[in-house]
Amino acid sequence: MGVEGKRGLLTLFVLTAIFGFVFGTALAFYTNGFFSHVGNEVYDPKPGGGEFIADDPQNSEEDWHGAGAGELNTLLARRILGKKVSPTWEPKKSKVAYLTFDDGPSYNTPEILKILKKYGIKATFFVNGWNKKNFKEMLRMIYEDGHALGNHTYSHRYELIYSSVENFMADLKKQEEMIYEATGIRPKIVRFPGGSDNLVSMRLGGKDIMKKIADKLKEEGYIYVDWNASCGDASKPPFSKDQMKEAVRRTAKGKNPVVLLLHDLDSKKTTLEILPWIIEYLQGEGYGFETIQQGMEGLEKVNRTDFWR
Ligand SMILES: [Zn+2]
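For clarity, every value in this text was computed on a predicted model and none was experimentally measured.

Thresholds applied
The residue numbers shown here count from 1 along each chain, following its written sequence. In view of the model being predicted, local features appear only for residues whose pLDDT reaches at least 70, and side-chain atom pairs are presented and counted only at 80 or more, with totals across whole chains, interfaces and linings using the full set of residues. Secondary structure elements are taken from DSSP: a helix is a run of H or I of four residues or more, a strand is a run of E of two residues or more, and numbering for both begins at the N terminus. A residue is called partly exposed when the number of other C-beta atoms within 10 Å of its own lies between 12 and 20, exposed at 12 or fewer, and buried at 20 or more, with C-beta atoms placed from the backbone. Here contacts are defined at the residue level, using C-beta atoms placed from the backbone and a cut-off of 7 Å between them. Nonpolar cores are built from buried Ala, Val, Leu, Ile, Met, Phe, Trp, Tyr and Cys residues. These are joined into a set through C-beta atoms within 7 Å. All axes here are fitted lines through C-alpha atoms, helices being fitted over the stretch that makes contact, and every angle between N-to-C directions spans 0 to 180 degrees. Here roughly perpendicular refers to angles of 65 to 115 degrees, roughly parallel to angles under 35, roughly antiparallel to angles over 145, and oblique to all remaining angles. The handedness criterion is simple: a crossing whose near helix is rotated anticlockwise from the far helix by less than a right angle is left-handed, and one whose near helix is rotated clockwise is right-handed. Put simply, Ala, Val, Leu, Ile, Met, Phe, Trp, Tyr, Cys and Pro go in the nonpolar bin, Asp, Glu, Lys and Arg in the charged bin, and everything else, Gly too, in the polar bin. Note that the arc is computed from the directions linking the helix axis to the C-beta atoms. Crossovers are marked right-handed if the path from the first strand over the helix to the second runs clockwise, as seen with the strands pointing away from the viewer. Two strands are said to pair when DSSP picks up at least two bridges between them. Summary of the metric used: pLDDT quantifies the predictor's per-residue confidence within the range 0 to 100. By this rule, a helix spans an expected 1.5 Å times one less than how many residues it contains. For a residue, the bend is simply the angle between two axes, fitted respectively to the seven-residue segment ending there and the seven-residue segment starting there.

Caption draft 1: Main features of the overall build of the protein. If you tally the helices and strands in the protein, you get ten helices and eight strands. Relative to its 309 residues, the protein shows a buried fraction of 31%. Considering only contacts in the protein between residues 6 or more positions apart, those separated by 24 or more positions represent 80%.

Caption draft 2: Expanded view of the nonpolar core. The biggest cluster of nonpolar side chains holds 54 residues, and the ones touching the most others in it are Ala-97, Leu-99, Ala-229, Cys-231, Val-258 and Leu-260. Leave out the neighbours within four places in its chain, and Leu-99 touches Ala-123, Thr-124, Leu-260, Leu-262 and Phe-289.

Caption draft 3: Focus on the packing of helix H6 (residues 165-183) against helix H8 (residues 209-219). Axis separation between H6 and H8 bottoms out at 9 Å; the angle between their running directions is 50°. As far as their axial angle goes, H8 and H6 are oblique. Taken as a pair, H6 and H8 cross one another with a handedness that is right-handed. Note on element contacts: H8 touches H6 through Lys-212, Ile-213 and Lys-216, opposite Val-165, Phe-168 and Met-169. Grouping the amino acids of the contact of H6 with H8 by side-chain chemistry returns four nonpolar, no polar and two charged.

Caption draft 4: Looking closely at helix H4 (residues 135-144). Here H4 has its buried residues at Met-138, Leu-139 and Ile-142. The buried residues of H4 all sit within an arc of 100° when viewed along its axis, so they share a single face. On its buried side, H4 packs onto helix H3 (109-119), strand S2 (124-127), strand S3 (148-151) and H6. Just downstream of H4 lies Gly-146, where phi reads positive at about 90°.

Caption draft 5: Up close: the pairing of S3. Neither face of S3 is left uncovered, since the one carrying Ala-148 and Gly-150 and the one carrying Leu-149 and Asn-151 both have all their residues buried. Running through H4, the crossover from S2 to the neighbouring parallel element S3 is right-handed.

Caption draft 6: Spotlight on unusual backbone geometry. Omega for the bond connecting Gly-104 with Pro-105 falls within 30 degrees of zero, at -5°, which places this linkage in the cis form. Note the cis peptide between Lys-236 and Pro-237, where omega equals -5°. Non-glycine residue His-156 carries a positive phi angle of around 60°. Its location among the elements puts His-156 in the loop between S3 and helix H5 (158-161). Assessed through the 17 C-beta atoms surrounding it within 10 Å, His-156 is described here as partly exposed.

Caption draft 7: Broad picture of the packing of H4 against H6. Where H4 meets H6, the closest approach of the two axes is 9 Å, and the angle between their N-to-C directions is 70°. By the angle between their directions, the pair H4 and H6 is classed as roughly perpendicular. Once H4 is placed against H6, the crossing between them reads as right-handed. Residue-level inspection shows Phe-135, Lys-136, Leu-139, Arg-140 and Tyr-143 of H4 in contact with H6, the latter providing Met-178, Ile-179, Glu-181, Ala-182 and Thr-183. Of the residues contributing to the contact of H4 with H6, the split by class is six nonpolar, one polar and three charged.

Caption draft 8: Looking closely at the pairing of strand S7 (residues 258-263). Burial runs high along S7: five of the six residues are buried. Taken together, the six bridges between strand S1 (residues 96-104) and S7 define a ladder with parallel strand orientation. Within S7, the position partnered with Tyr-98 by the bridge is Val-259. With two bridges connecting them, strand S6 (residues 229-230) and S7 associate as parallel partners. Among the inter-strand pairings, Ala-229 is bridged to a residue of S7, identified as Leu-260.

Caption draft 9: Structural context of the confidence of the model for the protein. In this model, the protein carries an average pLDDT of 78, and 69% of its residues clear a pLDDT of 70 or more. Segment residues 28-92: pLDDT under 50, and 50 contacts once partners within four positions in sequence are set aside and those in other chains are kept.

Caption draft 10: Summary view of helix H10 (residues 269-284). Here H10 is 16 residues long and its end C-alpha atoms lie 24 Å apart, about the 22 Å a rise of 1.5 Å per residue gives. Taking the largest bend as the criterion, H10 deviates by roughly 45°, centred on Leu-275, and proline Pro-276 comes between one and four positions later. Those residues of H10 that fall on the buried side of the exposure criterion are Thr-271, Ile-274, Leu-275, Ile-278, Ile-279 and Leu-282. In this structure, the buried side of H10 is in contact with S1, H3, helix H9 (241-252) and S7. Once H10 finishes, Gly-286 follows within two positions and takes phi at roughly 95°, a positive value.

Caption draft 11: Up close: the environment of Leu-261. Turning to its location among the elements, Leu-261 is positioned in strand S7. When the C-alpha positions of Leu-261 and Trp-227 are compared, they lie 6.0 Å apart, and in sequence the two are 34 residues distant.

Written as structure tokens, this is what we have:
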């Protein structure tokens, strides 16, 4: 072999070595980065394990989407390496609680908002419109804090709203207009004063009045939501704080979702006082908090059938 041949062979050898090094390093980086993502973010249980607790809805939203990306990575990992990844992933936020405040806004509203903000959670406010001094400002505060606003009728007067479908709808639209003026939105979620199974309505508007109203709401794109848990803050005589805590424990027990009834009225100071306890209790039970939104399927089935069990 001449000098030319030797030089050619040497060049080939060096080029092969460089190529091998560069390619190998790149591959190592790529696969390591790629699969460590799968390992760390999706399949390693978080410290403490168990249920996911959403104490910051924005972060939890990210986690939720992150989990979807993780699922894709898993499929790719299986395809490329034939590697078995243990199928332990389960949807997060599997236990959901909806805190619902009826009859507001009130002079307690700013304090309720402060507590919710402190815990980084969102709630749903079913509001009325009668006799409210700072009504629009309060509605704006609720809305701007990212909570859901729902319609609880303008007057909350049973004898008016349950006397006919037309009267109910007129009262509802009056309230809707006020919410719209304050926030620019027209909520499509409704809570009936007294609940969808209230008996007073029958006496006022006939046996089928609630069904007729419910049908009309559906026709116009509204959903209504009752509740399946309560802190008992509308009880007469009023519950003590311990009784209210017991009511939450007993009525929320084993339920998913929990739709918890609370009241936002000037007189309901104890509700305000035990709100931090309620939030921490439900978090401890593994619940994440969400708001009720337009078009949610299935929430109309939530009711008080098995209230105290
Ligand atoms: Zn009410």
